[in-house]
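Now for the letters of each chain:
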Amino acid sequence: MTILHLDSSITGEASVSRRLSAAIVDQLTARDPDAGVVRRDLVASPLSHLTLGGSGDADVLDEFLAADTVVIGAPMYNFSVASQLKAWIDRIAVAGKTFRYTERGPEGLAGGKRVIVAISRGGFYTPDHAFEHVESYLTAMFNFIGVEPEFVHANGVNVEREAGIAGGLAEVEALAA
Ligand SMILES: Cc1cc2nc3c(=O)[nH]c(=O)nc-3n(C[C@H](O)[C@H](O)[C@H](O)COP(=O)(O)O)c2cc1C
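Quick summary incoming for the structure in this document. Once a new chain begins, its residue numbering starts again from 1 and follows that chain's sequence as written. Given that the model is predicted, a residue must reach a pLDDT of at least 70 before its local features are reported, and side-chain atom pairs must reach 80 or more before they are shown or counted; all residues, however, enter totals for whole chains, interfaces and linings. Hydrogens and water molecules were not included; the side-chain quantities draw on all heavy atoms of the structure.

1. Describing the pairing of strand 4 (residues 99–102)
Turning to step 1, where the next piece is worked out: Here, strands pair whenever DSSP counts at least two bridges between them. Here a strand is any run of E in DSSP of at least two residues, a helix any run of H or I of at least four, and the numbering for each starts at the N terminus. Across four bridges, the pairing between strand 4 and strand 5 (residues 105–108) is antiparallel. Looking at strand 5, one finds that Thr-102 is bridged to Gly-105.
Turning to step 2, where the next piece is worked out: Connecting the antiparallel pair strand 4 and strand 5 is a turn made up of two residues.

Quick look at the structure:
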């Protein structure tokens, strides 16, 4: 199994989403010690904004396509995903590679992967909260390319940090069940 481990938090050692994504990768590799882990830190090595001319980032798409499991650390910044993560999504949403348009509408081509997203948010949000554009956006985006993502959440970390982290780690534990 090949695991692609992505992080997009700008808060370094203090990052909750990085802690959760690392816990998920630890859990996966404990269950499958032969798994290979490909690491992409979207803050340490940021991708540029998407441009029409392209920027020679085909390896980003190849890396995604080659992965069996993708683990993503996704902090909420200003109610949405980090712009570093958005730049990565802009590289993997490619017509003819991860989706195509048919007479019956759009069809995802990236099915068969497991995608697990570790969300960390300062406040509390229900999935249908008007300001929630992390889980809702990532669900729509991955569904569009044929993947049903799984989520773990650290909620309210700006309110009760330790309780939020504990809740997220409990959801990581539950993934193994
Ligand atoms: C620049 C910035 C913007 C933020 N915007 C929001 C926000 O819109 N809503 C929210 O609930 N929390 C917000 N927060 C709090 C973060 O979601 C919270 O600190 C979370 O743990 C971030 O993930 P990280 O610890 O992996 O960086 C923001 C934090 C930062 C640094």
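2. So, the site of the ligand
Turning to step 1, where the next piece is worked out: It suffices for a single heavy atom of a residue to lie within 4 Å of a molecule or strand for the residue to be listed as near it. The full set close to the ligand counts 17 residues, and Ser-9, Ser-15, Ser-17, Ser-120 and Tyr-125 are the nearest of them.
Turning to step 2, where the next piece is worked out: Identification of polar contacts relies on pairs of N or O atoms within 3.5 Å, with a donor-acceptor requirement for protein atoms, meaning one able to donate a hydrogen and the other able to accept it, and with residues adjacent in sequence counted only if both atoms are side-chain atoms. At 2.8 Å, a side-chain N or O of Tyr-77 approaches an oxygen atom of the ligand.
Turning to step 3, where the next piece is worked out: Within the backbone of Asn-78, a nitrogen or oxygen atom sits 2.8 Å from a nitrogen atom of the ligand.
Turning to step 4, where the next piece is worked out: Surface accessibility in these figures is a Shrake-Rupley result with a 1.4 Å probe; residues are shielded only by whichever protein chains are displayed. Here the ligand loses 78% of its free accessible area of 620 Å² to cover by the protein chains.

3. Quick notes on the packing of aromatic side chains
Turning to step 1, where the next piece is worked out: Two aromatic rings from Phe, Tyr or Trp, using only the six-membered ring of Trp, form a pair when their centres are within 6.5 Å; if the ring planes differ by under 30 degrees the pair is stacked, by over 60 it is edge-to-face, and anything between is tilted. Applying the stated rule across the entire model yields five aromatic pairs.
Turning to step 2, where the next piece is worked out: Their ring planes at 80° and their centres at 5.6 Å tell us that Phe-99 and Tyr-101 sit as a pair that is edge-to-face.
Turning to step 3, where the next piece is worked out: The buried category is assigned to Phe-99, whose relative accessible area is 8%.
Turning to step 4, where the next piece is worked out: The classification of residues rests on relative accessible area computed with a 1.4 Å probe and restricted to protein chains. Under 20% of the type maximum is buried, over 50% is exposed, and intermediate values are partly exposed. Look at Tyr-101 and you get exposed, because its relative accessible area is 61%.
Turning to step 5, where the next piece is worked out: Through successive ring pairs, a cluster of aromatic residues spans Phe-99, Tyr-101 and Phe-144.
Turning to step 6, where the next piece is worked out: In this scheme, Lys NZ or Arg CZ marks a charge over a ring once it lies within 6 Å of the ring centre and within 35 degrees of the ring normal. Stacked on the ring of Phe-64, the Lys or Arg Lys-113 has its end atom at 5.0 Å from the ring centre.

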